[in-house]
Amino acid sequence: MWRISLQSVRHYWALFAGTFVALALGVALIGVSAAALAATWAVDGTPDGSNPTATLKDGAGTAHTLSSGDLDMGGVQSVLAMAGVVSAFVTVFVIAGTCAFGIALRRRDMGLLRLVGAGGGQVRRMVLGESLAVAVPAAALGCAVAAVTAPVAVEALNGTGLSPVDLRPGPLLWPLVFAAGSGLVIAVLGMVAASKRAARARPSEALREADLDSRTMTVGRAVTGVPALLAGAVMVALAPGSGAEAATPLALFGTMALAIGATLLGPWYLPPLLLLMAVPLRWADPVAGRLAAESVRTSRRRTASLVGPVLAILAIVGIFTTVFSTTGAATSADDRARTTAQLVVEPARDGATLDRDTVDRLREDPRVAAVSAPAPLEIAVAGPYSVWKEQAALADPVALSRTHRITVVGGSLGPLEPGTVAISKEFSEWYGNHAGSTITYSLFGGEPVRAKVAAVLDGGSAVPPVVLPPDTRGASPAPRPERAAVLLDGRGTASAGAAAAELTERLGADRVRVLSADTWFGRTGTDQDRLNSLVLAVLTVPASLYALIAVASTLVMSYSRRGREIAGMRMIGVSAGQVRRMALWETLATTVLAALIAAAVVAWGAHAYRGSLSVYGGEPPLSVPWGMLGTLFAACVLVGVVVSLAATGRLLRQVSTATTTPHRAHRVPQKV
């Protein structure tokens, strides 16, 4: 059957071209993501090995030694890992769809093979042979593309500032091996599922005129689609009451499961919805509109295959961007609502810190009622089974509660004495500590300390996970505050702008920058939005470009088998312009419907995720990046329209050539 597989690939090259391109680009995406991750893993976390250490024993008595000042590559690694997940999801989605669609377009061919005596096992082996014939060169091409683009991608990643150090491209052997293996596995699994349906083709299929009408909702689609839909619904339903940490994966993967279920069950519900959408088309363009409506009604598998890639990419990009944007907007809104300080004092030079003299002079100003200036530092904390690094700060909880709205969840609010700490509500929920319990921690370069939890505070990002007494000594170098929040008394409140100008002059404009709280939040929000945009671009742009190419490939596959259909239309008097408008209405209808379904799925997941967030004194905002999603939708429409019109024009030219050539062949030659 291997020879037949190769001949089939050569004969139906237009059908297999879509799978080839999709798989090659998918392997390239996975390879680039793996190479970038490998570059982060190759970074030496402690370059000189001279950083202070802390040794603690966990609850089982096992000693753990941690080093301070190590480079934190977790952020960029998380972004790259999520980008890899997005790329892999879209690749699997597209490859499975194109494989199933290619088999559906060849039902009559499978019936002919069965008619001449081929068994189901032989048909299955032929289909698997076709997958290998396409997958092997596609994986090789994808690896070649990844080898060329990976160094460029790593250099581009350095320009985003997401990595704390510049990354250097490392050896590409294992990332490319992983990418090629993933591509081959995805292709074979996609064809295994499709080959089962091909093996069940009956000899009577050879007598059918319509390729895609029969058995559109297969058992495999139902068995996979319904559980995916139910699983997605359960995950999304659990998200609101699970807290922000757990709600993020529930909302993301729940929405992805809903998108999978909606695509697999498409042949069942898409045609009625498209017929409903086609009602205005029948009135505005009776011939082309009616043809488009009947086409999407009768060719259900083709309709589902055209809707699938658009639905998948809009859903996955929509939920990822909305979740990240909503998280940032909710955090910013909570910080604004909790801040009672009117001024924020920060060093004039970016990256610097405030010295003790500056903070003391702020407290001495007669217009200042309170100053909170937490000095951040890193500590090691021992738990029952492990030892980990944690962010802490030297701070006065009383002053912090005056410049910010803080709720005492447990214990009592007061100055921290030696041997006591305060913890945030989130730290208490994560690790099970509460007021009155004991925490074992260590400053790097110091000895272990057992401290009693004096208070559990709910203050959002204003309260660090662990608050140490402000007179704690032993950290090297001594921690210094990055900024100070200033609460003015009744005299200074009415003229916060004047107070900011006078404080700047008094402390020295070359040393500090005094801003109103609103101005400071505006600047911070702008910087955070820029960082969020970079993260979202890394996550979604490669997968979006890949999905757009997949949309074009699916359309090419679809139109490669519509020659007889368009020829029949031309024979009964349908004009070329009407055929082109039919293709246009089909593309617009399927793209718009895919966008509407994706919007419904994303809205459900985003609303559930929003329910897991909290903002002090108000409702968390829902932030949707309309610009990015609108651009992606417009790109899907543009790609679909251009490819469908180009493919239709090519078929129309073929039909015109076929109808004129016989007349020329029978023309009687004139004797010269």
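Rules of the game
- Residues numbered from 1 in each chain as written.
- Predicted model: local features only at pLDDT ≥ 70, side-chain atom pairs only at ≥ 80, totals over all residues.
- Heavy atoms only, no water.
- Core = buried A, V, L, I, M, F, W, Y, C linked by side-chain atoms within 4.5 Å.
- Buried < 20%, exposed > 50% of the residue type's maximum accessible area, 1.4 Å probe, protein only.
- Helix = DSSP H or I, 4+ residues; strand = E, 2+ residues; numbered from the N terminus.
- Contact = heavy atoms within 4.5 Å.
- Patch = residues over 30% accessible without salt bridge, like charges linked within 9 Å, V, L, I, M, F, W, Y side chains within 5 Å.
- Areas by Shrake-Rupley, 256 points an atom, 1.4 Å probe, with all protein chains shown as cover.
- Salt bridge = Lys/Arg side-chain N within 4 Å of Asp/Glu carboxyl O.
- Pairing = 2+ DSSP bridges.
- Axes fitted to C-alpha atoms, helices over the stretch in contact; angles between N-to-C directions.
- Parallel < 35°, antiparallel > 145°, perpendicular 65-115°, else oblique.
- Left-handed = near helix turned anticlockwise from the far one by under 90°.
- Nonpolar A, V, L, I, M, F, W, Y, C, P; charged D, E, K, R; others polar.
- Phe/Tyr/Trp six-rings, centres within 6.5 Å; stacked < 30°, edge-to-face > 60°.
- Lys NZ or Arg CZ within 6 Å of the ring centre and 35° of its normal.
- pLDDT = per-residue confidence, 0-100.

Here we look at the nonpolar core
Moving on, step 1. Ranked by internal contacts, the top residues of the largest apolar core, which has 98 residues, are V90, L311, I313, I316 and I597.
Moving on, step 2. Examining the composition of this core, we find that 14 residues originate from one element, helix 12 (residues 300–338), more than from any other.
Moving on, step 3. If we ignore the near neighbours within four places in the chain, the residues touching V90 are I313, I316, A543, Y546 and A547.

With respect to a nonpolar patch on the surface
Moving on, step 1. Nonpolar side chains collect at one region of the surface, where L173, W174 and V177 lie side by side and expose about 370 Å² of accessible area between them.
Moving on, step 2. Tracing the backbone through its elements, the reader meets V177 in helix 6 (residues 173–199).
Moving on, step 3. Look at V177 and you get partly exposed, because its relative accessible area is 42%.

Considerations on the pairing of strand 10 (residues 448–458)
Moving on, step 1. As paired strands, strand 7 (residues 407–411) and strand 10 are joined by four bridges and run antiparallel to one another. Among the inter-strand pairings, V408 is bridged to a residue of strand 10, identified as L457.
Moving on, step 2. Note that strand 8 (residues 420–424) and strand 10 share five bridges and pair parallel. The partner of V421 across the bridge, within strand 10, is V453.

As for the packing of helix 11 (residues 286–298) against helix 20 (residues 576–610)
Moving on, step 1. One can describe the packing of helix 11 onto helix 20 by two numbers: an axis separation of 8 Å at closest approach and a directional angle of 50°. Our classification of the angle between helix 11 and helix 20 gives oblique. For the element pair helix 11 and helix 20, the recorded crossing hand is right-handed. For the pair helix 11 and helix 20, contact is made by V287, A288, G289, L291, A292, S295 and V296 and by Q578, R581, M582, W585 and E586, respectively.
Moving on, step 2. A breakdown of the residues in the contact of helix 11 with helix 20 according to their chemical character gives seven nonpolar, three polar and two charged.

With respect to the sheet that holds strand 12 (residues 484–488)
Moving on, step 1. The four strands are arranged 4-12-3-13 in an open sheet whose pairing can be described as antiparallel. Sheet topology places strand 4 (368–372) and strand 13 (512–516) at the edges, where each strand pairs with a single neighbour. Across the sheet, the axes of successive neighbouring strands diverge by a mean angle of 25°, strand direction being ignored.
Moving on, step 2. Across the face of the sheet, helix 13 (residues 356–364) comes into contact with strand 3 (343–347), strand 4, strand 12 and strand 13 while running at roughly 155° to strand 4.

With respect to the pattern of salt bridges
Where charged atoms from two side chains of opposite charge approach closely, those side chains can pair.
Moving on, step 1. Applying the stated rule across the entire model yields 15 salt bridges.
Moving on, step 2. Here D285 makes a salt bridge to R581, at a shortest N to O gap of 2.6 Å. Here D285 is found in the loop between helix 10 (279–284) and helix 11, whereas its partner R581 is found in helix 20, with 296 residues between them in sequence.
Moving on, step 3. Owing to a relative accessible area of 10%, D285 belongs among the buried residues under this scheme.
Moving on, step 4. Linking E586 and R562 is a salt bridge whose minimum nitrogen-to-oxygen distance equals 3.0 Å. Pair noted here: E586 is in helix 20 and R562 is in the loop between helix 18 (517–559) and helix 19 (563–571), with a separation of 24 residues, a long-range link.
Moving on, step 5. Judged by its relative accessible area of 6%, E586 falls in the buried class.
Moving on, step 6. Note on R562: relative accessible area 1%, which makes it buried.
Moving on, step 7. Beyond isolated ion pairs, a larger network of salt bridges with shared partners links E346, D350, R513 and R523.

Concerning the pairing of strand 4
Moving on, step 1. The buried count for strand 4 comes to four of five residues, which makes it a mostly enclosed element.
Moving on, step 2. By the bridge criterion, four bridges tie strand 4 to strand 12 in an arrangement that is antiparallel. Of the residues in strand 12, the one forming a bridge with V371 is V486.

What about the environment of V592?
Moving on, step 1. Relative to the helices and strands, V592 resides in helix 20.
Moving on, step 2. In this structure, the C-alpha to C-alpha distance between V592 and V637, residues 45 residues apart in sequence, is 8.2 Å.
Moving on, step 3. The residues contacting V592, other than those within four sequence positions of it, are M277 and F633.

Considerations on the packing of aromatic side chains
Moving on, step 1. Inspection of the entire model under this criterion finds four aromatic pairs.
Moving on, step 2. Taking 6.4 Å as the distance between ring centres and 85° as the angle between the ring planes, the aromatic pair formed by W430 and Y431 counts as edge-to-face.
Moving on, step 3. On the basis of relative accessibility, which here comes to 36%, the residue Y431 falls in the partly exposed class.
Moving on, step 4. Ring centres of W520 and F521 lie 5.2 Å apart, and the angle between their planes is 75°; on these two criteria the pair is classed as edge-to-face. Assigned by exposure class, W520 and F521 land together as buried.
Moving on, step 5. Put simply, the rings of W388, F427, W430 and Y431 touch in pairs and so form one group of aromatic residues.
Moving on, step 6. Here R562 stacks its cationic end above the ring of Y559, 4.9 Å away from the centre of that ring.

Quick word on the confidence of the model for the protein chain
Moving on, step 1. Taken residue by residue, the protein chain gives an average pLDDT of 82. The fraction at 70 or more is 87%.
Moving on, step 2. pLDDT under 50 marks residues 663–672. Its contacts with residues more than four places away, or in other chains, come to zero contacts.

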